[in-house]
Number of protein chains: 2
Amino acid sequence: MEPKSTAETIVKQLEDAWNGADGAAFAEPFASDADFVNIRGELHTGRQAIAAGHQGIFDSIYRGSEVRYSVIQARELDDDAILAHIDATLNVPSGPMAGEINALASIVLVGDGDEPRIAAFHNTVVAGA
Amino acid sequence: MEPKSTAETIVKQLEDAWNGADGAAFAEPFASDADFVNIRGELHTGRQAIAAGHQGIFDSIYRGSEVRYSVIQARELDDDAILAHIDATLNVPSGPMAGEINALASIVLVGDGDEPRIAAFHNTVVAGA
């Protein structure tokens, strides 16, 4: 697994799923037991919880939103795991979160055979951005 | 490495260092090339940057503060890496951040011989806590 291109392939899947407002597709690159920490500091565990949580925000506060992800850096932690940092820019057209939100995410990818999956995702809003 | 006790040993070092306002001691359990994302969504890379950044906040906005860490969960990602989630409660006596701040951190520990070190740390304030 070349770290940066591997991470870019995965985050493109996330981006397409977000912009299609498809919670199940968003969760698809995650491991079944993945851990997700959102910008509110809430921990969700498991692909199904990640799918349901995202479908919930796609259908409410983030309805019609568009996200752009960019891989800042990526490196191997060991033979089986990659750590990457992602810049996220979200544009929300209306509602209580309307406007542009910039966030920084860490993701950890762990190989599952040839297929790396997201084992951990942690997101923080960039202050003052 | 038993995941939870390994994580608990490491976060106790962080807690003691924070409460002693010692930036170098705080950075000591980190790998030399560790990545740290703080609650403002700022990425700092390298043990020296982590030490200097923490000494800066220990001497200013978080002067006299006390932190308590608790390991919520920990698991092996593969043979060499552990993922843990940490509950952090910070009490700041005075200044612009005065009061209690609750945060949720993810840490990734990677074995360096027998000695696990923090390869990645990512922190988010818990909203509404």
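Residues numbered from 1 in each chain as written. Chains lettered and ligands numbered in written order. Predicted model: local features only at pLDDT ≥ 70, side-chain atom pairs only at ≥ 80, totals over all residues. Heavy atoms only, no water.

It is worth spelling out the overall build of chain A at this point. Summing up its helical and strand segments, chain A has 3 helices and 6 strands in all. Sequence-ordered secondary structure for chain A, helices as α and strands as β, is α-α-β-β-α-β-β-β-β. Taking 14 Å as the expected radius of gyration for a compact globule of 129 residues, we find that chain A reaches 14 Å, a close match to that expectation. Within the span of chain A, comprising 129 residues, buried residues form 48% of the whole. For chain A, contacts bridging at least 24 residues in sequence account for 48% of all contacts bridging at least 6. When the accessible area of chain A is evaluated, it comes to approximately 5,800 Å², of which 47% is carbon and sulfur surface. For chain A, the distance from the average site of its 8 positive side-chain charges to the average site of its 20 negative ones is 6 Å. (Helix = DSSP H or I, 4+ residues; strand = E, 2+ residues; numbered from the N terminus. Rg over C-alpha atoms; globule rule 2.2 N^0.38 Å. Buried < 20%, exposed > 50% of the residue type's maximum accessible area, 1.4 Å probe, protein only. Contact = heavy atoms within 4.5 Å. Areas by Shrake-Rupley, 256 points an atom, 1.4 Å probe, with all protein chains shown as cover. Lys, Arg positive; Asp, Glu negative; His and termini not counted. Charge placed at Lys NZ, Arg CZ, Asp CG, Glu CD.)

On to the environment of Leu77 of chain B, then. The residue Leu77 of chain B is located in the loop between strand S3 (66-76) and strand S4 (81-92) in this model. A residue is classified by how much of its surface remains accessible, and Leu77 of chain B, at 11% relative accessible area, is buried. It is 9.8 Å that separates the C-alpha atoms of Leu77 of chain B and Val110 of chain B, two residues lying 33 residues apart in sequence. For Leu77 of chain B, the residues in contact, after removing those within four places along its chain, are Val108, Val110 and Ala119 of chain A together with Ile82, Leu83 and Val108 of chain B.

The subject of this paragraph is helix H1 (residues 3-19) of chain A. All names here are of chain A. End to end, H1 covers 24 Å across 17 residues, agreeing with the expected 24 Å (1.5 Å per residue, within 8%). Three or more residues of H1 are buried, namely Pro3, Thr6, Ala7, Ile10, Val11, Leu14, Glu15, Ala17 and Trp18. One or two positions beyond H1, positive phi appears at Ala21, with a value near 55°. (Expected span 1.5 Å × (residues − 1).)

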